[in-house]
Amino acid sequence: MIRQFRHYAFIAFLTHSYLVTAVEPVTTFDLTVEKPKAVIMGEVGEERIRFNVCASPNSELCYGALQYRLAGEEVWGNTITFPLPRTQHYSDVVDIKGLTPESKYEYRIGTFHIPDQSVLSTVNLIWNDQNNNPNYEQAEFYSYENVIGKKDLYFLFGSCQYDGPLLDKLEKSPLALLNLLMKIKPLRKIGFFTKLTKLPGYKSKISNTQLGIVIELLALAEQEGTFFRTDDGEIFRTFQKYAQKNNIQLRGFIDMGDTYYRDWLNKFAGARNTEELYELIIDALATSGRSDIQKSVPTLVQIDDHAIKDNFTRNDLTGQNYSLFNDACWRMADMVQRQMNTYDPITKQIGYRWSETKLWGLPVFIGDFRSEMIPGVAKISTAQQTALEGFLAKWGNYPKVILSQVPIGPDDTSKDISDKWGDSGYQITRNKILTYLYGNKIKNTFWLGGDIHSGLFADVVHTRQAVDHNKLRGFPRVTDATESEVNMKNIVLAEAIASPFNWPIQFESMILDPFIPLGESDKGHFCVVNQSPLVKKNHAGIFKLSDDGTKVEISLLTNSPDNPSGEVALKKVYQLVPYEAKM
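Residues numbered from 1 in each chain as written. Predicted model: local features only at pLDDT ≥ 70, side-chain atom pairs only at ≥ 80, totals over all residues. Heavy atoms only, no water.

## Observations regarding the pattern of salt bridges
Alright, step 1. Inspection of every chain in the model, using the stated rule, returns 21 salt bridges.
Alright, step 2. Between glutamate 553 and lysine 571 there is a salt bridge, and its shortest N-O distance comes to 3.6 Å. Within this pair, whereas glutamate 553 is found in strand E26 (residues 551–558), its partner lysine 571 is found in strand E27 (residues 567–575), the two being separated by 18 residues in sequence.
Alright, step 3. Members of the salt-bridge network, linked through shared partners, are Arg48, Arg50 and Asp95. (Salt bridge = Lys/Arg side-chain N within 4 Å of Asp/Glu carboxyl O. Helix = DSSP H or I, 4+ residues; strand = E, 2+ residues; numbered from the N terminus.)

Here it is as structure tokens:
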């Protein structure tokens, strides 16, 4: 009897404990979100969009928080939280899936820190937007729509964004007074140094001397309004004004290498530890103007050679050249590529650093022409070569773009016969690409590159004539026109170079010569023609595919001291070869 009573008493105790626990309220606590260090919008798929979020380092666990809704709605959707682990340098991606096509959305993203993962479910996040100064990032985005043949397609492209402690010192030095002088409009109108460069005998006797170099720098400064370029956000803000003034809906931002510089002008000590490197990367990504663009349009980033040091190759990460710091630099460079489909959010790894995508219906091959560099053997791996050829064959004459950290054309420094494609092994790779295009009669192909600190157009054509002739099948050797129009019928590959977004010192090394052949096929030579004058200013490239799909316009937009909304320095219109639309 007593045993039975104890049994009932125990059951009653458990029932009471359960009821007490069930009705006891869960304690929650308010936590205000913080503004992320950087937000980068990733590629837009047919039903999803990806964001890359970077947060401030903290000893506690770090998380990101995202809310989104259709534009115009009042209520935000459920909060999506995701870890930003220390092992990932407080950066990772979040995907929004199940989007309605051809719709306008808005989002907001914040970060927060907690002492332990067990309290995550008890956090009540506060989105503080008092005084119109929110503590989070907020922007609009569009879900996928194939705009080819329906709307004008615009995207921004370029490379080489430089900023760092060296420029901070220059801004505070007496040399910065030159910038103030160069911004005085009457002095620039006089153009004293520009007039010097046009004196008889200047080019033959002075231009290649040290004095000539200084005079040309000052002449460029007169034209641009600055001597030292200390503001790496200026061209991005200029483009925003230009886009607003010309009613441009930007659909993509392409950063083709040298997103940031660790080596500080290749001469001064770079980042000495991972903390300094992290700061350099974040400063570049958070640049005024750039940050507004990359958080509101799909952003594609290619890693170039300055992530570790100037002109690194695979050899710098192997054997005796390997160091933990070099390895950390390379892994930290992943931060700027996590929003791309090269990144696997499950394994947290980046596989091949090349891929293909469709930018609102425009096929794009995102190349990796630096990080796969194998000196003396090939410019790219066999796997990438196969993928590139498959991409070209798949799309045929449909308009398509190849993105590269370097030009495909020559860069003759007059010291030797080398170019950006380097030694004979690299040139063989270039020849394979050109021969594949020519042999398969593939048209409407555009190669966009950077890394020369100048801008230009350089179309590749094929000729059966010897390359020392003064005329290449009727193509002009050089055109001085700032605006020109060509038909893609006889062009193997149309190349446009946009570089740099910001480079402190004005200079260029590109000396194109169509009589230096790029390569040979069994039916003749590949040569460069239709070169436009070099743009030696900071600038951005604007790629436009017309709404009817019949032409591509590429403009190089520069900063202008007298026109804050920018001006087009070079422009080329390509009439496309007729093609069949592909969905």
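## Structural notes on the sheet that holds strand E6 (residues 91–97)
Alright, step 1. Pairing within the open sheet is antiparallel, and its three strands lie in the order E2-E3-E6. On the outer flanks of this sheet lie strand E2 (38–44) and E6, each paired with one strand and no other. When strand polarity is set aside, the average angle formed by the axes of neighbouring strands in this sheet is 20°. (Pairing = 2+ DSSP bridges. Axes fitted to C-alpha atoms, helices over the stretch in contact; angles between N-to-C directions.)

## What to know about the sheet that holds strand E5 (residues 80–83)
Alright, step 1. With antiparallel pairing, the four strands of this open sheet are ordered in space as E5-E4-E7-E9. Bordering the open sheet on either side are E5 and strand E9 (137–142), each of which pairs with just one other strand. When the angles between neighbouring strand axes are averaged without regard to direction, this sheet yields 30°.
Alright, step 2. The pairing of strand E4 (residues 61–70) with strand E7 (residues 104–114) spans ten bridges and is antiparallel. Looking at the pairing, tyrosine 68 lines up with tyrosine 107 of E7.

## Some details on the environment of methionine 182
Alright, step 1. Mapped onto the secondary structure, methionine 182 falls in helix H3 (residues 177–182).
Alright, step 2. Along the backbone, methionine 182 and glutamate 222 are 40 residues apart, and their C-alpha atoms lie at a distance of 5.8 Å.
Alright, step 3. Contacts of methionine 182, omitting those with residues within four sequence positions, involve Arg188, Leu218, Ala221, Glu222, Gly225 and Thr226. (Contact = heavy atoms within 4.5 Å.)

## Examining the packing of aromatic side chains
Alright, step 1. All chains considered together, the criterion is met by 24 aromatic pairs.
Alright, step 2. Pairing tyrosine 63 with phenylalanine 112 gives two aromatic rings, centres 5.7 Å apart and planes at 15°, and the pair type is stacked. Of this pair, tyrosine 63 sits in strand E4 while phenylalanine 112 sits in strand E7, placing them 49 residues apart in sequence. The burial state of tyrosine 63 is the same as that of phenylalanine 112; both residues are buried.
Alright, step 3. By way of ring pairs, the aromatic residues Phe51, Tyr68, Tyr105, Tyr107 and Phe141 are connected into one cluster.
Alright, step 4. Positioned above the aromatic ring of tyrosine 142 is the side chain of arginine 251, whose terminal nitrogen or guanidinium carbon lies 5.7 Å from the ring centre. (Phe/Tyr/Trp six-rings, centres within 6.5 Å; stacked < 30°, edge-to-face > 60°. Buried < 20%, exposed > 50% of the residue type's maximum accessible area, 1.4 Å probe, protein only. Lys NZ or Arg CZ within 6 Å of the ring centre and 35° of its normal.)

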